[in-house]
Amino acid sequence: MTDTENLKQLFPGANEIPPEHRLASPVHQRTYLVGGEFRTWGGECKTVLSPICERQADGSVRQLEIGSYPVMGEAESDAALDAAVSAYDNGRGEWPTMPVAKRIACMQDFVRQMVAQRQEIVNLIMWEIGKSLADSQKEFDRTVEYIVATIEAVRTLDNNASRFEIAEGTIGQIRRTPLGVVLCMGPYNYPLNETFATLIPALLMGNTVVFKPPQYGTLLFWPLMQAFCSAFPRGVINTIYAPGAVVVPHMLASGKIDVLALIGSSKVADHLKKQHPKSHRLRAVLGLDAKNAAIVLPDADLELTVRECLLGALSFNGQRCTALKMLIVHRSLVDEFLHRITKAVGQLKIGMPWEPGVSITPLPGLHRTAYMTEAIEDAKAKGARVVNQGGGAYCATLYYPAVVYPVKEGMKLYREEQFGPLVPVMAYEDVEEALAYVISSDHGQQVSVFGSDPVQIGALVDPLVNQVCRVNLNCQCQRGPDVFPFAGRKDSAEGTLSVNDALRAFSIRSMVAARQTPASKRLLDDIVRDHRSNFINTGFIL
């Protein structure tokens, strides 16, 4: 039976952490990057506690300290923002006017330096957010692949624009140009990948950036600071380490931010957007909340359905915006479905991130296990029960997944995004009930549909694609492949992210036009021949 004492024994003792997976030393960060220079911080610092705890001699467990980072304020955020504004220089700066080929070369230099830091960054992902070693490695490698794919996409985008168009007596050249200064903030669950999904395209399109790392997953960017500094011109990327509630509204209120790139909550995004003095000027690229549902039809293949729902609900402890967070099962199948999924949950390996085959790892902090417990108690008080043995047991940051049934309106788990290892299940009689859940939701990212009847699935797809941005047939919800659009309706997103869509999100189409006259042709020929403009050119990037 899984209980607190058994979970406690899964944490390592003082000498039980494998040497190859230890951090070489705590990372006490005291420098930050502003205007192409490293500055030293001498003020207050925040201690970073790992989700990984250590068993003590007295039988207790304690989160391990793995480093610290600066806690800055408005003055430091002003300096970072002013450096980005200066580097952009109203579109006249070195970076926004630089030929795309040279920007690509800078990014390739950055990637080379980044790859050299793989082992240290992977280890920090594992220790800072509790992600398994295998998934930490996957996040790093996928991020590198994303950068390479984005470089190829921007190359193609620029090559396609390297020609003149003629229409109705007008000669024009149309290219995508930067928007200005971008404030970039990523999430803790994919601190490297999700952050770079906005940061990299923003940079490649010629914008300058103020970058604020997430609250959990801050130290892992430290090995990249030198690469940020040396690969890009001064002021192109600037870092700020400060409580978001203190400095982010302050920066937006200045009116100097042109694009807000945030992966976080819709409530935070709504509040921040209102701080800008000219909201119509502020572009927003937002990845927000989600409460993705799985609809299990009467003819679903239960073996496949349970396998996909288990992965969808509990991969990285359910801490994914694309996780399945409500399982809606036809009443004729619900008993067998619950039997199978609870059995499957019982077979998951729970333990420390470096253990081979581990599925459930520690959560970021004690506040997360507290929320999971609160949500379960709320559901139980309103008629639900924990179906699986040991579900909801926890010790410090380690939480045993709980399958909760029947979940219904009025419970926290019915509408709130749990973002953790809780698996809410509800039953339905008529498929309209399942459809009504999706329609009435404040979120509209994705949905999964499990079944085999083409008539019923076809009839469901048509309304669902007008409620969410991706309908997954007989598979879990997910982001990839990165060439596919990643977006959301309602409160789930603003803008679309993918390799190509993100480049467009951080740029705007601009053009140079002239009358189709001999004089205009000669002028344009001279500019192109003598390389007088980085915008007006017909060069091809190989």
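Above this text sits the structure in question.
First things first, this report covers the structure right here in the doc.

About the thresholds
Residues numbered from 1 in each chain as written. Predicted model: local features only at pLDDT ≥ 70, side-chain atom pairs only at ≥ 80, totals over all residues. Heavy atoms only, no water. Salt bridge = Lys/Arg side-chain N within 4 Å of Asp/Glu carboxyl O. Helix = DSSP H or I, 4+ residues; strand = E, 2+ residues; numbered from the N terminus. Buried < 20%, exposed > 50% of the residue type's maximum accessible area, 1.4 Å probe, protein only. Phe/Tyr/Trp six-rings, centres within 6.5 Å; stacked < 30°, edge-to-face > 60°. Lys NZ or Arg CZ within 6 Å of the ring centre and 35° of its normal. Pairing = 2+ DSSP bridges. Contact = heavy atoms within 4.5 Å. Axes fitted to C-alpha atoms, helices over the stretch in contact; angles between N-to-C directions. Core = buried A, V, L, I, M, F, W, Y, C linked by side-chain atoms within 4.5 Å.

Scanning the entire structure with this criterion turns up 26 salt bridges. Residue Lys256 pairs with Asp82 through a salt bridge whose shortest N-O separation is 2.8 Å. Of this pair, Lys256 sits in the loop between α9 (244–253) and β11 (259–263) while Asp82 is found in helix α2 (residues 74–88), placing the two residues 174 residues apart along the sequence. What makes Lys256 partly exposed here is its relative accessible area of 36%. Here Arg92 makes a salt bridge to Asp89, at a shortest N to O gap of 3.3 Å.

We now examine the packing of aromatic side chains. Taken as a whole and assessed by the stated rule, the structure comprises 14 aromatic pairs. With a centroid separation of 5.6 Å and an interplanar angle of 85 degrees, the aromatic rings of Trp95 and Phe232 are classed as edge-to-face. Taken as a pair, Trp95 in helix α3 (residues 94–97) and Phe232 in the loop between α8 (225–231) and β10 (237–239) lie far apart in primary sequence, 137 residues in all. An angle of 15 degrees between the planes, with centres 6.1 Å apart, marks the rings of Tyr394 and Tyr399 as stacked. A relative accessible area of 35% places Tyr394 in the partly exposed class. Three or more aromatic residues joined by ring pairs make a cluster, and in this case those are Trp95, Phe110, Phe196, Phe211, Phe221, Phe228 and Phe232. Positioned over the ring face of Tyr190 is Lys131, at 3.7 Å from the centre of the ring. Over the ring of Phe316 we find Lys131; its NZ or CZ atom is 4.7 Å from the centre of that ring.

Our focus in this paragraph is the sheet that holds strand β9 (residues 208–212). Here we have 6 strands laid out as an open sheet, ordered β10-β9-β8-β11-β12-β24, and mixed in their pairing. Each edge of the sheet is formed by a strand with only one pairing partner; in this case those strands are β10 and β24 (493–494). As paired strands, strand β12 (residues 283–287) and β24 are joined by 2 bridges and run antiparallel to one another. From the neighbouring strand, Gly287 faces β24, where its bridge partner is Ala493. The sheet contacts of helix α10 (residues 266–273) involve β8 (181–185), β11, β12 and β24, and relative to β11 the element is tilted by about 165 degrees.

As a further point, take the nonpolar core. Among the nonpolar cores identified, the biggest contains 142 residues, and Phe110, Leu192, Phe196, Phe228, Phe232 and Val425 are the most heavily contacted of them. Tallying contributions element by element places helix α6 (residues 133–160) first for this core, with 9 residues. The next biggest cluster of nonpolar side chains, apart from the first, holds 33 residues, and it includes Leu297, Tyr371, Met372 and Ile376.

Here the focus is the environment of Gly59. Following the sequence through the fold, Gly59 ends up in the loop between β4 (45–55) and β5 (61–70). Residues Gly59 and His271 lie 212 residues apart in sequence; the distance between their C-alpha atoms is 44 Å.

Moving on, we get to the pairing of β5. Taking burial as the measure, the 10 residues of β5 include 7 buried ones, the bulk of the element. One ladder, built from 2 bridges, connects strand β1 (residues 27–28) with β5; its direction is parallel. What sits directly across from His28, in β5, is Ser68. When β4 meets β5, the two strands line up antiparallel, connected through 8 bridges. In the strand pairing of β5, Cys45 is matched with Pro70. The antiparallel hairpin formed by β4 and β5 contains 5 residues in its connecting segment, where Gly59 sits at a positive phi of about 95 degrees.

So, on to unusual backbone geometry. Here the residue pair Tyr405 and Pro406 is connected by a cis peptide bond, since its omega of -10 degrees sits within 30 degrees of zero. Note that Pro406 resides in the loop between β18 (402–405) and α14 (412–415). Note that the residue after Gly480, namely Pro481, is joined by a cis bond; omega there is -10 degrees. Looking at the secondary structure, you find Pro481 in the loop between β22 (470–473) and β23 (489–490). Although it is not a glycine, Asn90 adopts a positive phi angle of roughly 55 degrees. Despite not being glycine, Lys490 shows a phi value in the positive range, around 55 degrees.

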